[in-house]
Amino acid sequence: MTSALASQLQVVAAGRPQEERLRGKASLLYDIRDAGDIDLQTIYSVGLQGFNELTRLDGRFEQFSKSLFSRAASEENRELLDKEANKKLDQQIESYLRLLSGFYLNPAATKTLEYLIRRYKIHVHNVDAAVTCALPYHSTPEFVKLVQLCVLENTFFYFLKGVKETGAAPPRDRLVQRCLRDMAFFSFVADTAATAASQKGVPGSASAFYAVLLCETLCEMKRVEASAVPRLLPYLEAGLAPAASAEQYAGALMVACQLSMGANLAMPLTEAVLEGVAKGARAPLHAQALQALLVICGSQMVRELPSRAFKHLVKMPDLPSRVADMCEKYESDSFIVPLVKALAQSATQHANYERVLGGIVDEVKLSELAVKALVGELTQKITEADEMV
């Protein structure tokens, strides 16, 4: 009986925040016991200093000045708030942490987190949002220290409990394995990646991290599970959009290629991805966009280039020379054949289409298969024209 009771007490103790067990205060900046001697007002001053530094770096932080970092907010005890007020507070905290992710390693960010931990206990009440904020930096001591403060029970990140015990940063392949074993966590990562890809002005570290994590997860699947495909669509839509940054677009290209190589996509989805790649193409990633189109056309056995993708593609500056460069490096018929067929079909509709077709013929060393496809389409167009006379 005594042994059983002792075991139960150990379990209860393990679920309590570390600062309670050590009779101190949770802290990223100070030793837990030393932090217990530092009052809230001092912590608020430190947090406000960090917040002001961040607002000078990115004006979007200013939107949280009243809700989280005002004097009135610093005097607010969330444990005395009703359910609706706590819900609104959580929304503000989570929005702030999403924006903060791109600046996580900046010392100013740590100062604001110190205040949020002390005032709002985000390491207890907002664990998923706090750990997600730091996740792109999972290999750093700063990530480990935050995880060690957090109460991970009943969160997406309970599998990181070993980090609390050992202090060892989790390698990325551990995150990949978690995505493979837990589709709920994979969905969580995909949703977070979509949110990061839709944010303007986010430093590239977060975008690159999620792109690599998703690519490595897809690569580890022998065949991409059907249930994984729809979970990635919001990310691809946001990352391939013209409004996305170059880093976000590059990451989405990687994921789109890996997905197309691992799954048989429905034709409407293939067409949408091709359109997204062509529409979102921008300097200095035109070559990468063409390579992505080649991979998708080849893996999905595209026979006809979708009209929307085609219309965006032919607007690419110096398209013939870029295609010529790609054809010198790769076997490109899976993309070139649909392209020359579309150009031949449309050459009489717009002067630019005719110009691009002429450039392709002059600059690209077409294969026998591509020449045959081009001649066949042109012959058909001439025959149709004769029949109309």
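Residues numbered from 1 in each chain as written. Predicted model: local features only at pLDDT ≥ 70, side-chain atom pairs only at ≥ 80, totals over all residues. Heavy atoms only, no water.

## Quick look at the packing of aromatic side chains
Part 1 of the argument: A complete count under the given rule lists 17 aromatic pairs for this structure.
Part 2 of the argument: A ring pair is formed by F157 and F185, whose centres lie 5.8 Å apart and whose planes are at 85 degrees; its orientation type is edge-to-face. Separated by 28 residues along the polypeptide, F157 in the loop between α10 (141-149) and α11 (161-166) and F185 in helix α13 (residues 183-198) bring together distant segments of the chain. Across the pair, exposure class does not vary: F157 and F185 are buried alike.
Part 3 of the argument: Ring geometry for F157 versus F188: centroids 5.7 Å apart, planes at 80 degrees, classification edge-to-face. Taken together, the residues F157 in the loop between α10 and α11 and F188 in helix α13 connect sequence positions 31 residues apart. For the pair F157 and F188, a shared accessibility class is recorded, and that class is buried.
Part 4 of the argument: These aromatic residues form a ring-pair network of at least three members: Y44, F51, F61, F64, F69, Y96, F103, Y115 and Y120. (Phe/Tyr/Trp six-rings, centres within 6.5 Å; stacked < 30°, edge-to-face > 60°. Helix = DSSP H or I, 4+ residues; strand = E, 2+ residues; numbered from the N terminus. Buried < 20%, exposed > 50% of the residue type's maximum accessible area, 1.4 Å probe, protein only.)

## Some details on α13
Part 1 of the argument: A rise of 1.5 Å per residue sets the reference length of α13, with its 16 residues, at 22 Å; its end C-alpha atoms lie 22 Å apart and thus fit the reference within 8%.
Part 2 of the argument: The element α13 is extensively covered by neighbouring structure, given that 12 of its 16 residues are classed as buried.
Part 3 of the argument: Where α13 begins, the capping side chain belongs to D182, and its oxygen is found 3.0 Å from the backbone nitrogen of A184. (Expected span 1.5 Å × (residues − 1). Polar contact = N/O pair within 3.5 Å; in protein donor to acceptor, adjacent residues only side chain to side chain.)

## Here's the deal with the environment of G376
Part 1 of the argument: With respect to the element layout, G376 can be found in helix α23 (residues 368-388).
Part 2 of the argument: The exposure class assigned to G376 is partly exposed, which follows from its relative accessible area of 37%.
Part 3 of the argument: Considering only alpha carbons, one finds G376 and K341, 35 residues apart in sequence, at a separation of 8.5 Å.

## Some remarks on the pattern of salt bridges
Part 1 of the argument: In this structure the tally under the stated criterion is 8 salt bridges.
Part 2 of the argument: A salt bridge links D90 to R78; the nearest nitrogen and oxygen atoms lie 2.6 Å apart. Here R78 lies in the loop between α5 (71-74) and α6 (83-100) and D90 lies in helix α6, a separation of 12 residues in the sequence.
Part 3 of the argument: One salt bridge connects D182 with R178, and the closest N-O pair in it is separated by 3.5 Å.
Part 4 of the argument: For R178, a relative accessible area of 23% corresponds to the partly exposed category. (Salt bridge = Lys/Arg side-chain N within 4 Å of Asp/Glu carboxyl O.)

## Points about the nonpolar core
In summary, soluble globular proteins display a tendency toward joint burial of nonpolar side chains.
Part 1 of the argument: Ranked by size, the top nonpolar core spans 129 residues in total, and within it Y96, L97, Y235, V277, L313 and F335 carry the most contacts.
Part 2 of the argument: The element that contributes the greatest number of residues to this core is α13, accounting for 10 residues.
Part 3 of the argument: Contact partners of Y235, with chain neighbours within four places excluded, come to A190, A193, A194, A197, A211, L214, Q248, G251, A252 and V255. (Core = buried A, V, L, I, M, F, W, Y, C linked by side-chain atoms within 4.5 Å. Contact = heavy atoms within 4.5 Å.)

## Comments concerning the packing of helix α15 (residues 228-240) against helix α17 (residues 267-280)
Part 1 of the argument: It is the contact of α15 with α17, at a shortest axis distance of 10 Å, that shows an interaxial angle of 20 degrees. With respect to α17, the element α15 is oriented roughly parallel. Considering how the two elements wind past one another, α15 and α17 form a crossing that is left-handed. Contact residues: V229, L233 and L240 in α15; L269, V273, G276, V277 and G280 in α17. (Axes fitted to C-alpha atoms, helices over the stretch in contact; angles between N-to-C directions. Parallel < 35°, antiparallel > 145°, perpendicular 65-115°, else oblique. Left-handed = near helix turned anticlockwise from the far one by under 90°.)

## Details of the state of the cysteines
Part 1 of the argument: What the rule picks out here adds up to 0 disulfides.
Part 2 of the argument: C215 supplies the cysteine sulfur nearest to C179, a cysteine that is in no disulfide, at a spacing of 12 Å.
Part 3 of the argument: Accessibility expressed as a relative area gives 1% for C179, which makes it buried.
Part 4 of the argument: Cysteine C297 shares no disulfide, and the gap to the nearest cysteine sulfur, in C257, comes to 11 Å.
Part 5 of the argument: The class for C297 is buried, based on a relative accessible area of 1%. (Disulfide = S-S within 2.5 Å.)

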